[in-house]
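Architecture at a glance
Okay, here's what each chain looks like letter by letter:
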Amino acid sequence: MLQVLACGVVVFPGLFLAFRRILPSVFKHWNDADVVLVSERLVSSIHALMATTAGVIVVASCQGNVIYDRHWLATHFVIWYGVPYMTYDIFAMYLSHYYRYRVKGHEDYKQHSLRTINSFVRREFLLVLHHIALLTILLPITLFFRKDQGDFFIGCLFLTELSTTFVSLGKILIQLGLQECWIHKANGGMVLLTFFMCRIALFPFMYWMYGRHYGIPLYGVPFHLPLSANLGNLCILAPQVYWFVLLCRKGYRLYQRSRGAQSPPAAPVTDGSKDD
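Residues numbered from 1 in each chain as written. Predicted model: local features only at pLDDT ≥ 70, side-chain atom pairs only at ≥ 80, totals over all residues. Heavy atoms only, no water.

1. Quick word on the overall build of the protein
Within the protein, the regular secondary structure consists of 11 helices and 0 strands. Moving toward the C terminus, one meets the helices and strands of the protein in the order α-α-α-α-α-α-α-α-α-α-α. With the principal axes as the frame, the protein shows a C-alpha extent of 75 × 55 × 30 Å. When each of the 276 residues of the protein is scored for burial, the buried share is 39%. Sequence-distant contacts, at least 24 apart, represent 71% of the contacts inside the protein between residues at least 6 apart. (Helix = DSSP H or I, 4+ residues; strand = E, 2+ residues; numbered from the N terminus. Buried < 20%, exposed > 50% of the residue type's maximum accessible area, 1.4 Å probe, protein only. Contact = heavy atoms within 4.5 Å.)

Rendered as structure tokens:
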């Protein structure tokens, strides 16, 4: 077990430290906050690609019988890389938060303390709660309570990480000063598309696949599942809907801003003009 856990324990912190050493030599004008932010996002993208790949393999292998078909990645990826990554990512997010406020000159951020940790938890409460929930709920379910059933649905949950790749790429493009480039705009569209498909529409799809297996209509699936399963799915889905609404609002503001920048200035109004 320890050898297995060492895979992710070594890989993700190792990549993070490597990027923190390499990036300052390439982008000499970046401060500590810039380097930590991009390092965190690069590692997040790598994990997201790994999780998505694992999800595609599991879903493709188990779609014949979504309840009883098995694939070893459904369990082993969670142990090898899922748990170590979620644990690492909480620490990496804290470092990004810490250096962001330190470079701004906040007095409390001259060194690490319980106050800086408390500030991080308060500001990023939903993300921290999301990570802790995955560690304390998804892991036990994956390992102990599934009775070797439902690898297909675990693979579907892996696919939720696809949108993380584009979210991270957007942050990196902004850091590189490419926020006005068409690549950033196209990436924004991919963020909304993949987030909706892989984090929101995915849940009705899983319910539909479950219903198809048992010959139950989609609307009847929630009544066929245990209450704990429905509550668990709701707890996972609710923050995804909240974040998607925030993404849509941000995208709309950026769209309005770009339209305002492209529209020609209004003609001056003269005294002889008439109201319609």
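We are not done yet, so read on.
2. Observations regarding helix H2 (residues 32–62)
Along its 31 residues, H2 runs 45 Å from first to last C-alpha, staying within 8% of the 45 Å computed at 1.5 Å per residue. In this structure Asn 31 caps H2, since a side-chain oxygen of it lies 3.1 Å from the backbone nitrogen of Ala 33. (Expected span 1.5 Å × (residues − 1). Polar contact = N/O pair within 3.5 Å; in protein donor to acceptor, adjacent residues only side chain to side chain.)

3. As for the packing of aromatic side chains
Under the definition given, this model contains 22 aromatic pairs. Their ring planes at 85° and their centres at 6.4 Å tell us that Trp 80 and Tyr 81 sit as a pair that is edge-to-face. Ring geometry for Tyr 85 and Tyr 88: centres 5.8 Å apart, planes at 50°, overall tilted. Pair noted here: Tyr 85 and Tyr 88 are both in helix H3 (residues 73–102), with a separation of 3 residues, about one helical turn. These aromatic residues form a ring-pair network of at least three members: Phe 12, Phe 16, Trp 72, Phe 77, Trp 80, Tyr 81, Tyr 85, Tyr 88 and Phe 158. The side chain of Lys 104 reaches across the aromatic face of Tyr 101, ending 5.2 Å from its centre. (Phe/Tyr/Trp six-rings, centres within 6.5 Å; stacked < 30°, edge-to-face > 60°. Lys NZ or Arg CZ within 6 Å of the ring centre and 35° of its normal.)

4. Re the UniProt feature "domain: TLC" (unreviewed entry) in the protein
Per the UniProt record, "domain: TLC" (unreviewed entry) is found at residues 33–256. What you have in residues 33–256 is 79% helix and 0% strand, and the ends, taken at the C-alpha atoms, are 29 Å apart. (UniProt positions renumbered as here; feature names shortened; annotations may be inferred.)

5. Digging into the UniProt feature "transmembrane region" (unreviewed entry) in the protein
Look at the UniProt record and you will see "transmembrane region" (unreviewed entry) annotated at residues 42–62, 125–146, 152–174, 186–210 and 230–248. Here residues 152–174 runs as 87% helix and 0% strand, with 36 Å between its end C-alpha atoms. In this annotation, residues 186–210 is assigned 92% helix and 0% strand; the end-to-end C-alpha distance for the span is 34 Å.

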